[in-house]
Amino acid sequence: KERLGSLVANPPKLEKPANKNLKDTNYLMYLLHARELNLFNELGMKMKKAGKAGTYDSWMFEESDLIQHAAKSFADALIADRYAEVLKTCDADLQPVLAQVFDLYLTTIVEKNLGWFVISGLLQPGDVTKVRANGAELCALL
């Protein structure tokens, strides 16, 4: 509920990267943040439609799955943001391996939510095999 309020008060500006390569860390980060924003926007619209009188029923009974998905998307994006900051300051010897682990984390989040990404239009059906292949490739490297 607090995150929804903060997004309404300060809507972030999310720019789509020019590079749509599913191996690109910046593009994967964009996908995580776009998922979070889309889910919270959808939740906000439904809560607005429910009005003040219907807020409790809507929040507790009708939209609990959406609320949980939005909360999980927030946590996934928050972890990714914090990890990206650590990569900037970590020991140079650790950076290559940690970057691969980070890419695997991002790819795993996208892979776990492939259905949502395709339905929302952020990814195309043809991207599904690319995401899975990228995850397998990263696992093999590590």
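Below is a short write-up of the structure.

The rules we used
Residues numbered from 1 in each chain as written. Predicted model: local features only at pLDDT ≥ 70, side-chain atom pairs only at ≥ 80, totals over all residues. Heavy atoms only, no water. Salt bridge = Lys/Arg side-chain N within 4 Å of Asp/Glu carboxyl O. Helix = DSSP H or I, 4+ residues; strand = E, 2+ residues; numbered from the N terminus. Buried < 20%, exposed > 50% of the residue type's maximum accessible area, 1.4 Å probe, protein only. Patch = residues over 30% accessible without salt bridge, like charges linked within 9 Å, V, L, I, M, F, W, Y side chains within 5 Å. Areas by Shrake-Rupley, 256 points an atom, 1.4 Å probe, with all protein chains shown as cover. Core = buried A, V, L, I, M, F, W, Y, C linked by side-chain atoms within 4.5 Å. Contact = heavy atoms within 4.5 Å. Polar contact = N/O pair within 3.5 Å; in protein donor to acceptor, adjacent residues only side chain to side chain.

1. A closer look at the pattern of salt bridges
Two side chains that carry opposite charge are able to pair once their charged atoms sit near each other.
So, step 1. Scanning the entire structure with this criterion turns up five salt bridges.
So, step 2. In this structure, Asp 127 and Lys 130 form a salt bridge, with 3.8 Å as the shortest nitrogen-oxygen distance. On the criterion of helical spacing, the pair formed by Asp 127 and Lys 130 is a turn pair, its members being three residues apart in helix α6 (residues 127-141).
So, step 3. Residue class for Asp 127 comes out buried when judged on its relative accessible area of 15%.
So, step 4. Overlapping salt bridges, with partners in common, bring together Arg 35, Lys 72 and Asp 76 in one network.

2. With respect to a nonpolar patch on the surface
So, step 1. A contiguous nonpolar surface patch, about 340 Å² in accessible area, is contributed by Val 97, Val 101, Leu 141 and Leu 142.
So, step 2. Mapped onto the secondary structure, Val 97 falls in helix α4 (residues 95-112).
So, step 3. Here Val 97 falls in the partly exposed class, since its relative accessible area comes to 46%.

3. Details of the nonpolar core
So, step 1. In terms of nonpolar packing, the biggest core is built from 30 residues, with Leu 31, Phe 102, Leu 106, Val 110, Phe 117, Leu 122 and Leu 123 touching the most fellow members.
So, step 2. Counting residues per element, this core draws most heavily on helix α2 (residues 25-62), which supplies eleven residues.
So, step 3. Residues in contact with Leu 106, not counting those within four places in the same chain, are Thr 25, Leu 28, Met 29, Leu 32 and Ala 80.

4. Structural notes on the environment of Asn 19
So, step 1. Structurally, the position occupied by Asn 19 is in the loop between α1 (2-9) and α2.
So, step 2. Non-local contacts of Asn 19, meaning those with residues more than four positions away in its chain, are made with Asp 24 and Tyr 27.
So, step 3. Within the structure, Asn 19 has its side chain in polar contact with the backbone nitrogen of Asn 21 (distance 2.9 Å).

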